[in-house]
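Working through the structure, step by step
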Amino acid sequence: NFFTINRDAAPVNTLPSTYTVDINTTTTLSGLSIADSDAGSATMLVTLSVNSGTLSATAGSTTLSGAGTGTMTLAGTVAQINSALASVTYNRTTGGSATLTMTTSDQLGTVTSTDVDTSTITVAAPTVAITSATATTQSSVVDSFGSTTNSGGTYVTSLSTAFWNIAGSDIYQKANSDTSSGN
């Protein structure tokens with residue numbers, strides 16, 4: 001007399017150990033997926049959470065709740081959830097780091113098996129670079145306070161992206177990197 005004991009195989013999460021994203025930029029978190037060898041067409045439950053920032057996804061055929069918040073839950077088959085996981089995005093408006101936690105549970109029979117994994121998300125400020133500048137020769141510059149500088153010289157008069165030197169009450173930068181104050 002033989003009998004078989006069926007054991008529930010636990011789900012398995014796949015996610016990168018780290019992500020690097022730019023601040024205040026919605027970024028797709030690629031590489032998220034689940035597997036469960038004995039799930040078949042059973043419903044799986046995946047909860048994604050971050051301790052800072054927001055998560056979103058396209059539900060597709062899954063049941064999705066919490067999109068646009070720090071905790072999002074997906075319910076569906078393995079294939080349905082993997083499709084939705086391919087669309088998960090993250091956004092954060094401050095620099096630093098956050099932890100993404102992925103918890104997957106199968107809903108098979110009387111025993112529920114769970115897998116919990118984490119990933120670190122590093123949120124970096126984007127690099128700012130001068131992309132173009134226009135220089136003109138002026139005999140004087142009038143600042144926003146009405147002061148006039150008569151030092152002459154070549155001044156950068158427009159920048160598409162730049163850091164400005166602030167000298168006294170004058171906000172300008174000479175093309176040769178000398179700064180002057182109109183005070």
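Report on the accompanying structure. (Residues numbered from 1 in each chain as written. Predicted model: local features only at pLDDT ≥ 70, side-chain atom pairs only at ≥ 80, totals over all residues. Heavy atoms only, no water.)

It is worth spelling out helix α1 (residues 78-85) at this point. Among the residues making up α1, those that are buried are Val 78, Ile 81, Ala 84 and Leu 85. Buried residues in α1, looked at end-on, bunch into an arc of 130°, giving them a common side. Opposite the buried face of α1, at more than 90 degrees from it, the exposed residues are Ala 79 and Ser 83. For α1, the secondary structure elements touched by its buried residues are β4 (33-35), β5 (44-50), β8 (71-76) and β10 (96-106). (Buried < 20%, exposed > 50% of the residue type's maximum accessible area, 1.4 Å probe, protein only. Helix = DSSP H or I, 4+ residues; strand = E, 2+ residues; numbered from the N terminus. Arc of directions from axis to C-beta. Contact = heavy atoms within 4.5 Å.)

Another aspect to go through is the sheet that holds strand β3 (residues 27-28). In spatial order, the strands read β3-β9-β6; together these 3 strands make up an open sheet with antiparallel pairing. Strands at the two margins of the open sheet, each flanked by one partner only, are β3 and β6 (54-56). Sheet topology note: the β6/strand β9 (residues 89-91) ladder contains 3 bridges and is antiparallel. Across the sheet, Ser 56 pairs through a bridge with Thr 89, a residue of β9. (Pairing = 2+ DSSP bridges.)

Within the secondary structure, Gln 107 is located in the loop between β10 and β11 (114-124). Spatially, the C-alpha atoms of Gln 107 and Asp 8 are 9.9 Å apart, while their sequence positions differ by 99 residues.

Take the nonpolar core next. Ranked by internal contacts, the top residues of the largest apolar core, which has 26 residues, are Leu 32, Leu 48, Leu 100 and Ile 121. For this core, the elements supplying multiple residues, two or more each, are β2 (18-22), β5, β8, α1, β10 and β11. Residues contacting Leu 48, with those up to four places away along its chain left out, are Leu 32, Leu 55, Gly 70, Thr 71, Met 72, Leu 85, Val 88, Leu 100, Thr 101 and Met 102. (Core = buried A, V, L, I, M, F, W, Y, C linked by side-chain atoms within 4.5 Å.)

Right, let's talk about unusual backbone geometry for a bit. Even without being a glycine, Asn 24 presents a positive backbone phi close to 55°. Mapped onto the elements, Asn 24 comes out in the loop between β2 and β3. Assessed through its relative accessible area of 51%, Asn 24 is described here as exposed.

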